Amino acid sequence: MSTPDPTEFSPDLQTVIDQVRVEVAALHGELVRYGLVVWTAGNVSGRVPGADLFVIKPSGVSYDELAPDDLVLCDLDGHVVPGTPGSQRSPSSDTAAHAYVY
């Protein structure tokens, strides 16, 4: 599988990716709210419906600083999709495990 080119994402796919980013960022807030994480350890990811993509928390970013555009978009092999918001960051050290599940 080759890493997708974000310039080829349809407007509808981009809307779905943006929605997943918002949902996953909000879920990280819930991890903090319920005391399920410590410092920056632990995260959730979200599969992008209709595409072989998911978003995941970047490594080392605290939950209170996390915004939807900080999340890293990856393909199902766990490779970062270059040129997308968050792509300058390193994805979570758990990315391979999340990709395997998807």
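Details of the structure are given in the entry above.
All of the points below concern the structure found in this document. Numbering of residues starts from 1 in every chain and runs along the sequence as written. Where totals are concerned, whole chains, interfaces and linings use all residues; where local detail is concerned, this predicted model gives features only for residues with pLDDT of at least 70, and gives and counts side-chain atom pairs only at 80 or more. In computing side-chain values, all of the structure's heavy atoms are included and hydrogens and water are not.

### Quick notes on helix α1 (residues 11-33)
Every helix listed is a DSSP run of H or I at least four residues long, and every strand listed is a run of E at least two residues long, numbered separately from the N terminus. Given a helix with a known number of residues, its expected span is that number minus one, times 1.5 Å. In this model, α1 (23 residues) spans 33 Å end to end at C-alpha, consistent with the 33 Å of a helix rising 1.5 Å per residue. All of the buried residues along α1 are L13, I17, V20, R21, V24, A25, H28 and L31. Here a residue-residue contact requires only that any non-hydrogen atoms of the pair lie within 4.5 Å. Those residues of α1 that are buried lie in contact with β1 (45-48), β2 (53-56) and β3 (72-75). Looking one or two residues beyond α1, the residue adopting positive phi is G35, at roughly 65 degrees. Partly exposed residues are those whose accessible area sits between 20% and 50% of the maximum for their type, while under 20% is buried and over 50% is exposed, using a 1.4 Å probe and protein chains only.

### Some words on the pairing of β3
Side chains of β3 alternate between two faces, with V72 and C74 and L73 and D75 buried alike. Strand pairing requires that DSSP identify at least two bridges connecting the strands. By the bridge criterion, four bridges tie β2 to β3 in an arrangement that is antiparallel. If you follow L53 over to β3, its bridge partner there is D75.

### So, the nonpolar core
To form a nonpolar core, buried Ala, Val, Leu, Ile, Met, Phe, Trp, Tyr and Cys residues must be joined to one another through side-chain atoms within 4.5 Å. F9, I17, V48, L53 and L73 are the most contacted members of the largest nonpolar core, which has 15 residues in total. When residues of this core are traced back to their parent elements, those giving at least two are α1 and β2. It is α1 that contributes the most residues to this core, five residues altogether. Once you skip the residues sitting within four places of it in the chain, I17 turns out to touch F9, V48, L53 and L73. I56, V72, C74 and A99 belong to the second largest nonpolar core, which has six residues in total.

Function cannot be inferred from these measures alone, as they are strictly geometric.
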